[in-house]
Amino acid sequence: MGTVIMHSAASVDGFIADEKDDVGPLHDWYFNGDTPITGDVGEQYDHSGAGSRFRVSKASAGYVRSMWESIGAIIMGRALFDLVNGWEGRPPAGDHVVVVSHRPKPEGWHPEASCHFVGDVAAAVAKAQALAGERTVAVNAGNVGGQILAAGLVDEVAMDVVPVVFGSGKRFFGGIDRRHLLEDPHVVIQGDRVLHLKYKVRR
């Protein structure tokens, strides 16, 4: 099975959005460089909503391209699915999406998309790994990501740390309430207005 990586951009104080789900400057680095993320990766979905495509620093481009090309499936919570409408069935990376939700998929929603709804985090990881095969399973940070980490099902934590302090908001690790040890970061890449970090979860 592929590696399970919990991932998101985060503020220095560990928030992935404010209380109203506004990410503020957390994604600005996707558009502040001069190096496009070329090919199919990053070109499938326009995150900006304004017709612009990803253009990052050279250091970030290599990291993001490699990371996204490795992804086979994404796990997300229902709140994020509703917020972005499941990326309209076209995830930014990978071919499959698994949504943790006690409510079913909206009737008639993009029947062509490989989007699967499951009721708990263990089932979500099992489904995503089956779909991804040897490729990476990317877990969106937040409440669902925190639950998957707490269940011992995350192999690595990847953070794109942006130099901003939110003070409050949606936490990277959700409502996790006990200590979890990580190894020293095995990836440390300085981009433009972002620091890319990867940690293996200590078993």
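Please refer to the structure higher up on the page.
Residues numbered from 1 in each chain as written. Predicted model: local features only at pLDDT ≥ 70, side-chain atom pairs only at ≥ 80, totals over all residues. Heavy atoms only, no water.

Draft legend 1. The arrangement of the overall build of the protein chain in detail. In terms of helices and strands, the protein chain carries four helices and twelve strands. Whereas a compact globule of 203 residues would reach a radius of gyration of roughly 17 Å, the protein chain reaches 16 Å, a difference of no more than 12%. By principal-axis analysis of the C-alpha atoms, the protein chain measures approximately 40 × 40 × 35 Å. Taken across its 203 residues, the protein chain has 46% of its residues classed as buried. For the protein chain, long-range pairs separated by at least 24 residues make up 66% of all intrachain contacts whose partners lie at least 6 apart in sequence. (Helix = DSSP H or I, 4+ residues; strand = E, 2+ residues; numbered from the N terminus. Rg over C-alpha atoms; globule rule 2.2 N^0.38 Å. Buried < 20%, exposed > 50% of the residue type's maximum accessible area, 1.4 Å probe, protein only. Contact = heavy atoms within 4.5 Å.)

Draft legend 2. Region of interest: the pairing of strand β11 (residues 187-190). When β11 meets strand β12 (residues 195-200), the two strands line up antiparallel, connected through four bridges. Note that in β12 the partner of V188 across the bridge is L197. Between β11 and β12, which follow one another and run antiparallel, lie four residues, and R193 among them has a positive phi close to 65°. (Pairing = 2+ DSSP bridges.)

Draft legend 3. Summary view of the side chain of D160. When you line up the elements, D160 lands in strand β9 (residues 156-162). It turns out D160 is buried and unbridged, and the closest side chain with the opposite charge, K198, is 9.1 Å from it. A polar atom in the side chain of D160 sits 2.7 Å from the side chain of H196. Excluding residues within four positions of it along the chain, D160 makes contact with H7, S8, A9, A10, W29, Y30, Y63, V194, L195 and H196. (Lys, Arg positive; Asp, Glu negative; His and termini not counted. Salt bridge = Lys/Arg side-chain N within 4 Å of Asp/Glu carboxyl O. Polar contact = N/O pair within 3.5 Å; in protein donor to acceptor, adjacent residues only side chain to side chain.)

Draft legend 4. Quick look at the pairing of strand β6 (residues 96-100). Burial runs high along β6: five of the five residues are buried. Going residue by residue along β6, you find H96, V98 and V100 tucked away on one face and V97 and V99 tucked away on the opposite face as well. The pairing of strand β5 (residues 71-77) with β6 spans five bridges and is parallel. Across the sheet, the residue bridging to I75 is V98, located in β6.

Draft legend 5. Local environment of helix α1 (residues 58-70). Its 13 residues give α1 an end-to-end C-alpha distance of 19 Å, which sits within 8% of 18 Å, the value for a rise of 1.5 Å per residue. Restricting attention to buried positions, one finds in α1 the residues S60, A61, Y63, V64, M67 and W68. (Expected span 1.5 Å × (residues − 1).)

Draft legend 6. Region of interest: the packing of aromatic side chains. By the definition in use, this model includes nine aromatic pairs. Seen from their ring centres, W29 and Y30 are 4.1 Å apart, and the 25° between their planes marks the pair as stacked. Like W29, the residue Y30 is buried in the burial classification. Judged by centre distance (6.0 Å) and plane angle (40°), the ring pair of Y30 and W68 falls under tilted. Of the two residues, Y30 is situated in the loop between β2 (15-17) and β3 (35-36) and W68 in helix α1; the sequence distance between them amounts to 38 residues. One aromatic cluster in this structure is built from W29, Y30, F31, F54 and W68. (Phe/Tyr/Trp six-rings, centres within 6.5 Å; stacked < 30°, edge-to-face > 60°.)

Draft legend 7. Geometry of the nonpolar core. Counting 31 residues, the largest nonpolar core has W29, W68, F81, V99 and C115 as the members making the most contacts within it. When near neighbours in sequence (up to four residues on either side) are disregarded, C115 contacts F81, V97, V99, K105 and W109. (Core = buried A, V, L, I, M, F, W, Y, C linked by side-chain atoms within 4.5 Å.)

Draft legend 8. Summary view of helix α4 (residues 143-150). Among the residues of α4, V144, G145, G146, I148 and L149 are the ones counted as buried. Check the buried side of α4 and you find it contacts β1 (4-11), β5, β6, α3 (121-132) and β8 (136-140). Residue G152 follows α4 closely and has a positive phi angle near 75°.

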